[in-house]
Amino acid sequence: MRRWLFLICLSATGFVAKAQRLNWSSFMDQQAMQWDAIGRNYYSGVLLGNGLLGVNIYQPEKEALRFAIGRSDVTDNRVALYPAASKLYTQARLPIGYFKLVTKGRILTATAKLDIYRAMAEGKLTTDSGEVQFMAYVSAVKDVITIDLQGRGKEQPQLEFVPEPSISPRFLQSYPKDKPAAFAPNPPIEKTTNSGFTIYHQALLNGGGYSTVYQTISDNQHAQTMISIGYDEDNSREEAVLAQQNLIGFQKSSANFAEHENWWRNYYPKSFVSVPDKRMETFYWAQLYKLAALTRPTKPMIDLMGPWTNPTPWPAIWWNLNTQLTYSPLFTSNHVELAEPLFEALNRYQNNLIENVPKAWQNDAAAIGRSSSYNLVSKISEAEIEKGSFESANLTWTLFYYYQYYLYTGDRATLKDKIYPLLKRSTNFLIHVLTKDEQGIYHLRESFSPEYKSAVDANYGLASLNWALNTLMAINNELGLKDKDAAKWKAIKTNLTPYPQNETGFMIGKDVALESSHRHYSHLMMIYPYHLVNWDDPKNHEVIEKSIQHWLSLKGALQGYTFTGAASMYASMGKGDLAYDMLNQLFDKYIRPNTLYEESGPVIETPLSALTSVQEMLLQSWGGKIRVFPAIPVAWKNAAFDQLLAVGAFEVSAKLENGNTTYIKIKSKIGGTCTLQTTLKPLVVKSDKGKAPSLKHTQLEGKQLLTFETEPGQIIEFFASKDTNKMIFPVAYEFYKDWQWGLNKGKTK
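Given the structure is predicted, the values throughout are model-derived calculations rather than measurements.

Caption draft 1: The overall build of the chain, seen in detail. Scanning the chain from terminus to terminus reveals 18 helices and 34 strands. For the chain, whose C-alpha radius of gyration is 27 Å, the value lies close to the compact-globule estimate of 27 Å for 749 residues. C-alpha atoms of the chain, sized along the principal axes, occupy 80 × 65 × 45 Å. Evaluated residue by residue, the chain yields a buried proportion of 62% over its 749 residues. Taking as baseline every contact in the chain between residues at least 6 positions apart, the subset at least 24 positions apart corresponds to 67%. Approximately 28400 Å² of the chain is accessible, and the part contributed by carbon and sulfur atoms is 48%. If the 78 positive side-chain charges of the chain are averaged to one point and the 72 negative ones to another, these points end up 4 Å apart.

This is how it looks when you write it as structure tokens:
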């Protein structure tokens, strides 16, 4: 040990920065998705998007190839006309329509490729009259869709727009029993032309509307169609004029595709991940692609479909799991900017969150019910509270991710001015529904545990309240706020009832055991994502293992996000093989060819939460420690990542070679204390600031705990040997070597 530390001291100077010369174009070409036959439905189509507009390319059985288009914020607005009807009808997402490819001949074969590096789809169709090649993309910088067609032989391809009925997609599902009667349709769509532009205008019954505007420029066998969709939610703008102006501005530029391509090429290198399982690696990058197709700063937050509409019972935003899982991977991936629309919605509609609670509590509380439209109106009524049918912690769980923004960026102004006040309000809602028994113990009144049933002391609410109280007290201390409620928080925390549990582990709540299959982990949130009961403390091992095993043993209702939640829990326990198995079961049973996921309709969150699970196998940073390669499967001998973001605003890079961590790099964005947990025993430590930092070193169960101070912008490297020529490059594939997502023959292990 002394010799090892001596070598660190001798080798701590002479930092030489090494450029990362990853060939991004070559690497990302391996992440492309391939179709040897065009998909037949929404879940096997080719997806394009820019955070607002989207395209899904597929060919229904015995029909023409279609380019289904959507705009993610187009919703109905008839709450005032039908106040008793569910908002899943009165404020539902609305479909736009699709462009049908018109060919002279009958389609014989069709292939396609999605180049996610350039966010562009290319394809070729052969017909009995020739060939049609297509290229499509949704501009990353302008709200315009471009579809380019080139015919060969006798083919002169054209596109024909087919508008879809302006009605809630929930009406198209057979089983919902809440369909309102005498629900008047929106007015008929109107088709007009103006200066060479074709306009399909759909007025809404209660005012406003949306317009699909396009222009086709054709020359013999070549046709290029440019499309924009304008939307007016409240009779305040001319939606057709806005869409037409988008197209006119787009056509004036000669650098449209170059600007689009440049945006995407700047997006990906913010972080890098390479693992030896090609199915998992290509899935990882497909989710990063989808996230940027789903949302951007200044664009709407993500609902359950994004810009790709489809018949669904869920044409809204869900707050009891879906939103939280959707946004969970953005922090570690170093794409915090993509979370801005969620945070903007929370801030912009804070008054609606306040008005969601009973009037008597609106002076200090806020909450949100199960689902809402983009205005976040989802009231929790006094009747629901009395009945015990309300979900108590949806807003608090959402704010867990707003707080992650602070932890990963160190943005104290946002913490103080936005996160803290709203977290106080969401916590106060939970405090309002507490009762106190004769022994002075606080209990949570009966409430609904998502996806199961109601219970007193539901662990969903108790875990969220515990996390919220801990966090409020930590913020108050860190910022020196001297909040007058601090003593109350401490008293409640000290006297809050323990989590109900029995011989099988954590229960749903008091007197309510988990006795039937439960896809949600609402009763296990103290384990994950809050880490309140965690594997670091050996006293927790038995209850954690029993709880997870019992939950997974009850088959029948388990769904995709069951497996992502279990994967993340196992990763937090350091059980990489079990986490890997959970994700492989997810891929085998639930993920569709284009990496979408279905539960009666599209639900966007599950594949994105699997992205989080993969990240947590590589890097975790809860509990005051940055854990490097904490849950690597035994079969993975090599892996690498670069610039993943950790709590404390540390960018972390690391390399696993032949089963050993050989290199770690820390870039401190704001300075501060860093603690690494790793199997790497650093023989050499370097800093770009000259002398390497002083290390406080301890050992824990065969791992090294390295604590050191950093300066803003400082880069510190740790090497397991004297070979300091370490660069982060892709590792060789060992599993699913020929895999490509899409529809193709490469899907073998």
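Having seen the model, we can carry on.
Caption draft 2: Seen up close, the pairing of strand β14 (residues 222–232). Judged by how many residues are buried, β14 sits mostly within the fold: 9 of 11 residues are covered. The pairing of strand β13 (residues 209–219) with β14 spans 11 bridges and is classified as antiparallel. Across the sheet, residue Tyr210 finds its bridge partner in β14, namely Tyr231. In textbook terms, the turn of a hairpin is the stretch between consecutive antiparallel strands, and for β13 and β14 this stretch comprises 2 residues, one of which, Asn220, has a positive phi near 60°.

Caption draft 3: Spatial organisation of the sheet that holds strand β10 (residues 158–163). If you walk across this open sheet you meet the 5 strands as β2-β3-β4-β5-β10, and the pairing is antiparallel. Only two strands of the sheet have a single neighbouring strand rather than two, namely β2 (46–49) and β10. The sheet shows a mean angle of 20° between the axes of neighbouring strands, taken without regard to direction. Where strand β5 (residues 97–102) lies against β10, 6 bridges are found, and the strand directions are antiparallel.

Caption draft 4: Region of the structure containing the sheet that holds strand β24 (residues 619–620). The 5 strands lie next to each other as β24-β25-β29-β32-β31, forming an open sheet whose pairing is mixed. In this open sheet, the two strands that pair with only one neighbour each are β24 and β31 (696–700). Here strand β29 (residues 672–678) runs beside strand β32 (residues 703–710); their pairing, made up of 7 bridges, is antiparallel. Bridged to Gly672 within β32 is Thr710.

Caption draft 5: Just helix α11 (residues 394–409), in detail. In a regular helix each residue adds 1.5 Å, so 16 residues correspond to 22 Å; α11 covers 24 Å between its end C-alpha atoms and thus fits that length. Across the 16 residues of α11, 14 count as buried, placing the element largely inside the fold. Gly410 occupies a position one or two residues after α11 and carries a positive phi of about 75°.

Caption draft 6: View of the confidence of the model for the chain. Here the chain shows a mean pLDDT of 95. Residues at 70 or above account for 97%. Counting interchain partners and residues more than four positions distant, the pLDDT-below-50 stretch residues 1–19 has 36 contacts.

Caption draft 7: Looking closely at unusual backbone geometry. The residue after Tyr528, namely Pro529, is reached through a cis peptide bond having omega 15°. Even without being glycine, Asn235 reaches a positive phi, approximately 60°. Along the chain, Asn235 turns up in the loop between β14 and α4 (239–252). The backbone phi angle of Asp457 is positive, close to 55°, even though this residue is not glycine. Inspection of the secondary structure puts Asp457 in the loop between β21 (454–455) and α13 (459–479). Residue Asp457 is classed as buried on the basis of its relative accessible area, which comes to 2%.

Caption draft 8: Fine view of the side chain of Ser517. Within the secondary structure layout, Ser517 lies in the loop between β23 (505–506) and α15 (541–553). Overall, Ser517 belongs to the buried group, its relative accessible area being 16%. A polar atom in the side chain of Ser517 sits 3.4 Å from the backbone nitrogen of Leu558. In this view, Ser517 contacts Tyr452, Leu554, Lys555, Gly556, Ala557 and Leu558; residues no more than four positions away in its chain are not counted.

Caption draft 9: Just the pattern of salt bridges, in detail. Throughout the structure, instances matching the rule amount to 32 salt bridges. Residues Arg170 and Asp178 are paired through a salt bridge, measuring 3.2 Å at the closest nitrogen-oxygen approach. Looking at Asp178, the relative accessible area reads 31%, which means it is partly exposed. With its nearest N and O atoms 3.2 Å apart, the salt bridge here joins Glu478 to Arg412. Of the two residues, Glu478 is situated in helix α13 and Arg412 in helix α12 (residues 412–432); the sequence distance between them amounts to 66 residues. Residue classification places Arg412 among the partly exposed positions, given a relative accessible area of 43%. Residues joined in a network through salt bridges with shared partners are Lys424, Asp483, Lys484, Asp485 and Lys488.

Definitions and cut-offs
Residues numbered from 1 in each chain as written. Predicted model: local features only at pLDDT ≥ 70, side-chain atom pairs only at ≥ 80, totals over all residues. Heavy atoms only, no water. Helix = DSSP H or I, 4+ residues; strand = E, 2+ residues; numbered from the N terminus. Rg over C-alpha atoms; globule rule 2.2 N^0.38 Å. Buried < 20%, exposed > 50% of the residue type's maximum accessible area, 1.4 Å probe, protein only. Contact = heavy atoms within 4.5 Å. Areas by Shrake-Rupley, 256 points an atom, 1.4 Å probe, with all protein chains shown as cover. Lys, Arg positive; Asp, Glu negative; His and termini not counted. Charge placed at Lys NZ, Arg CZ, Asp CG, Glu CD. Pairing = 2+ DSSP bridges. Axes fitted to C-alpha atoms, helices over the stretch in contact; angles between N-to-C directions. Expected span 1.5 Å × (residues − 1). pLDDT = per-residue confidence, 0-100. Polar contact = N/O pair within 3.5 Å; in protein donor to acceptor, adjacent residues only side chain to side chain. Salt bridge = Lys/Arg side-chain N within 4 Å of Asp/Glu carboxyl O.

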